[in-house]
Amino acid sequence: LAFSKDKTDLSDDAKSALSEVAEKMKQSQGSARIVAYAAGTTEQASIAKRISLSRALAIRAFLISKGVNQLNINVQALGNQVPSGDADRADVFVK
């Protein structure tokens, strides 16, 4: 899920995608791992970490609002520790 720089609000596209994820999770009793990132320099690492945590928690709150059991959601905020790709994003992995 893409985010605008320094923003933590979910876009309409993100909400639509997450609604589908929530339905699949409820049907399969599955779990999700949310890994969120945020762009930032080494000097801004703590700011990036806080932004990524806010993004992950926004996704978690949305899934819970759609009926997903909170115990089935794992959140990781990695800040600017991006292995590859766009830094302003969150990845949602569903089992």
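Provided above is the structure to which this section pertains.
Since the model is a prediction, treat every value here as computed from it, not as a measurement. (Residues numbered from 1 in each chain as written. Predicted model: local features only at pLDDT ≥ 70, side-chain atom pairs only at ≥ 80, totals over all residues. Heavy atoms only, no water.)

## With respect to the sheet that holds strand 2 (residues 73-77)
What holds strands together in a sheet is hydrogen bonding between their backbones, with the strands either parallel or antiparallel.
Reasoning step 1: Taking strand neighbours across the sheet as the criterion, the three strands line up as 2-1-3 in an open arrangement whose pairing is mixed. Each end of this open sheet is capped by a strand with a single partner; those strands are strand 2 and strand 3 (90-94). Averaged over all adjacent pairs, the angle separating strand axes in this sheet is 15°, with direction ignored.
Reasoning step 2: Across the face of the sheet, helix 2 (residues 45-65) comes into contact with strand 1 (32-36), strand 2 and strand 3 while running at roughly 165° to strand 2. (Pairing = 2+ DSSP bridges. Helix = DSSP H or I, 4+ residues; strand = E, 2+ residues; numbered from the N terminus. Axes fitted to C-alpha atoms, helices over the stretch in contact; angles between N-to-C directions. Contact = heavy atoms within 4.5 Å.)

## A word on helix 2
Reasoning step 1: The end-to-end C-alpha distance of helix 2 is 30 Å, a good match for the 30 Å that 21 residues give at a rise of 1.5 Å each.
Reasoning step 2: When helix 2 is considered as a whole, its buried residues turn out to be Ala48, Ile51, Ser52, Arg55, Ala56, Ile59, Phe62 and Leu63. On an axial view of helix 2, the arc spanned by its buried residues comes to 130°, and they lie on one face. Residues of helix 2 that are exposed and angled more than 90 degrees away from the buried face: Arg50 and Ser65. (Expected span 1.5 Å × (residues − 1). Buried < 20%, exposed > 50% of the residue type's maximum accessible area, 1.4 Å probe, protein only. Arc of directions from axis to C-beta.)

The analysis is restricted to geometry; functional conclusions fall outside its scope.
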